[in-house]
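A closer look at the structure
The primary structure of each chain is shown beneath.
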Amino acid sequence: MKSSDVIAQFNKYVIGNYTRYPVCLTRGEGSYVWDAEGNKYLDFFPGWGCGLIGHCPPRVVKAVQEQVATLIHVPNTWYTESQGALAKALSERTTFDGRAFFCNSGAEANEAAIKLARLNGRGTGANGGDRYKVVTMLNSFHGRTMGALSATAQPKYHQGVGPMLPGFNYAPFGDLDAVSKAIDAETIALMVEPIQGEGGVNLPPDGYLEGLRGLCDRYKLLLIFDEVQTGMGRTGKWYTHQHWNVKPDIITLAKAVAGGVALGGLLAKPEVAEKLKPGTHAATFGGNPIACAASLATIETIEKEGLLDRAVAVGERFRARFEALQPKCPHITEVRVKGAMIGVQLATDAAPVVAECLKRKLLINATHGTVIRLLPALNITDEQIDAGCEILDDVLVNLK
Ligand SMILES: Cc1ncc(COP(=O)(O)O)c(C=O)c1O
C-alpha cells in the first residue's frame, strides 16, 4: 500500500489523537527505517525511546520468533520460566534486592508504583490513619492513565479530563526545599525521573537525588524513580540513578526494556514489594512469555556488545558536535547530555527543525516546545552520528 492510501484509511477509521507525520513506515533495521515508497531515513529517535538497540535487533527477533512458536500467552495464574529469569536479570542489575512486577507500559508501571506506595502507607499516618500522597516534580511525565496523569505535573496534559486524582503535591524539579514543603503528614512517597525526559532532558542538580533520599529517610517515605525512559542502559548504567550515590525503594521501567516489544514493570525492595498481595493488583498480559524473552535478549545484546560503554561514547560524540556548532548557531542556548540521552535547548520553537530534518530523511524529536531530544540507539555507528549531525548542523545554522 502507498503511504497516501494508508493515510486515507487512518483518516476514516483511526481516532485522530496523534499528530502523525505524513509517512507510512514499513521496515526498520538498526538506526534506519524505510517508508512505503522505499525512502530510507536515519533515525535518531527510534521508537520514541523504545529502540534502545535499534530497529529489529537480531537477538530480540530470534527470541520472539522462537517464543511465539512455543507459547504465546498464559495468564499469571501459572509460572513461566522467562518471567522468573527476567525478574532475576533485572534485579541483579539493581543496587538493591529488587522484586519484580510486570505490566505492559510505562503508565501502568507507574500506576503499580503509586498503588504499591499507597498500600505501604496504610495505617502508618497520624492516629493510625493512611498516608497516601505522592510528591512529584513540575515538568515530569509519568503517563496518560488517570493515576499516572495526576502524577504528571504538567497542567497542559490535565486540561479537559479533570478532576485529577487526589493525593499528589508538586514541586519544581531540582528544588529540595520545595519538595520538603510539599511533604505533609499524609505523604508516603516521592516520585521522580532521575533525568526528566519529556520535560526537556533536564539533568538533576548535584546532590538533588541524594537529597531526596535524605528526605525520604527523614520522613519515612518511599523513593520512586521513574526509569521508564532512562532505564536499561540508556545513559551508560543499567539504571540511570546508579550514576549517583542513591538507592531507591521502587523503580519503574518500560519503553526499551524489551527492545521494542511492549513490556513495563517495577522493581521494589522486598519489604515494600510484599504489600502487593494477591488481589491487590494484576495485569493480564503483564510479563507474558514473548515480552520476557525479548527483554532477556535485549539484556544479552547490551552485555555482549558492550553497549553500556557505547552509550557514553555516543553521548560524547553528540555533545562534541553540538558544542562545536553552538558558536555558529545562536539558537542553541544549552546542550544537555547523559549517555545516549541528548537535549539541545533552543531559544526558539524546535518543531520547524524536526520538519526540516524529516524532509532530509533524518528523524528527530522536539519536546517541551524548544528542546531537540535525541534518544539514538546505543549501537548507532560513528558514521551514522556524523551523517545525521551534518544534516542537523545545516538545518540549525540556517534556521530563521
Ligand atoms: C518517564 C516516563 N514515564 C512514563 C511514561 C509513560 O510510558 P507509556 O507511554 O509506555 O505509558 C513515559 C513515556 O514517555 C516516560 O517518558
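Residues numbered from 1 in each chain as written. Predicted model: local features only at pLDDT ≥ 70, side-chain atom pairs only at ≥ 80, totals over all residues. Heavy atoms only, no water.

This part takes up the overall build of the protein. If you tally the helices and strands in the protein, you get 13 helices and 15 strands. Here the C-alpha radius of gyration of the protein, 21 Å, is about what a compact globule of 400 residues would show, namely 21 Å. C-alpha atoms of the protein, sized along the principal axes, occupy 65 × 55 × 45 Å. Sorting the 400 residues of the protein into buried and exposed places 54% on the buried side. Within the protein, counting contacts between residues at least 6 apart in sequence, those at least 24 apart form 71% of the total. Positive and negative side-chain charges of the protein, numbering 41 and 41 respectively, have mean locations separated by a distance of 3 Å. (Helix = DSSP H or I, 4+ residues; strand = E, 2+ residues; numbered from the N terminus. Rg over C-alpha atoms; globule rule 2.2 N^0.38 Å. Buried < 20%, exposed > 50% of the residue type's maximum accessible area, 1.4 Å probe, protein only. Contact = heavy atoms within 4.5 Å. Lys, Arg positive; Asp, Glu negative; His and termini not counted. Charge placed at Lys NZ, Arg CZ, Asp CG, Glu CD.)

A separate point is the site of the ligand. Close to the ligand lie Ser105, Gly106, Ala107, Asn110, Phe141, His142, Gly143, Glu193, Asp226, Val228, Gln229 and Lys255. Here a nitrogen atom of the ligand and a side-chain polar atom of Asp226 are 2.7 Å apart. The separation between an oxygen atom of the ligand and a polar side-chain atom of Lys255 is 3.1 Å. With three residues, helix α4 (residues 106–121) is the single largest residue contributor to the shell around the ligand. Class assignment for the residues of the shell around the ligand results in three nonpolar, six polar and three charged. (Near = heavy atom within 4 Å. Polar contact = N/O pair within 3.5 Å; in protein donor to acceptor, adjacent residues only side chain to side chain. Nonpolar A, V, L, I, M, F, W, Y, C, P; charged D, E, K, R; others polar.)

Moving on, we come to the packing of helix α2 (residues 58–68) against helix α10 (residues 289–304). As a packed pair, α2 and α10 sit with axes 8 Å apart at the nearest point and diverge in direction by 155°. When the interaxial angle is binned, α2 and α10 end up roughly antiparallel. For the crossing formed where α2 meets α10, the hand is right-handed. The segment α2 lies against α10, with Arg59, Val60, Ala63, Val64, Gln67 and Val68 engaging Pro289, Ile290, Ala293, Ala294, Ala297, Thr298, Glu300, Thr301 and Lys304. When grouped by side-chain class, the residues that make up the contact of α2 with α10 number nine nonpolar, three polar and three charged. (Axes fitted to C-alpha atoms, helices over the stretch in contact; angles between N-to-C directions. Parallel < 35°, antiparallel > 145°, perpendicular 65-115°, else oblique. Left-handed = near helix turned anticlockwise from the far one by under 90°.)

Another point: the sheet that holds strand β3 (residues 40–43). If you walk across this open sheet you meet the four strands as β1-β2-β3-β13, and the pairing is mixed. At either margin of the open sheet sits one strand with a lone partner, and together these are β1 (25–29) and β13 (362–363). (Pairing = 2+ DSSP bridges.)

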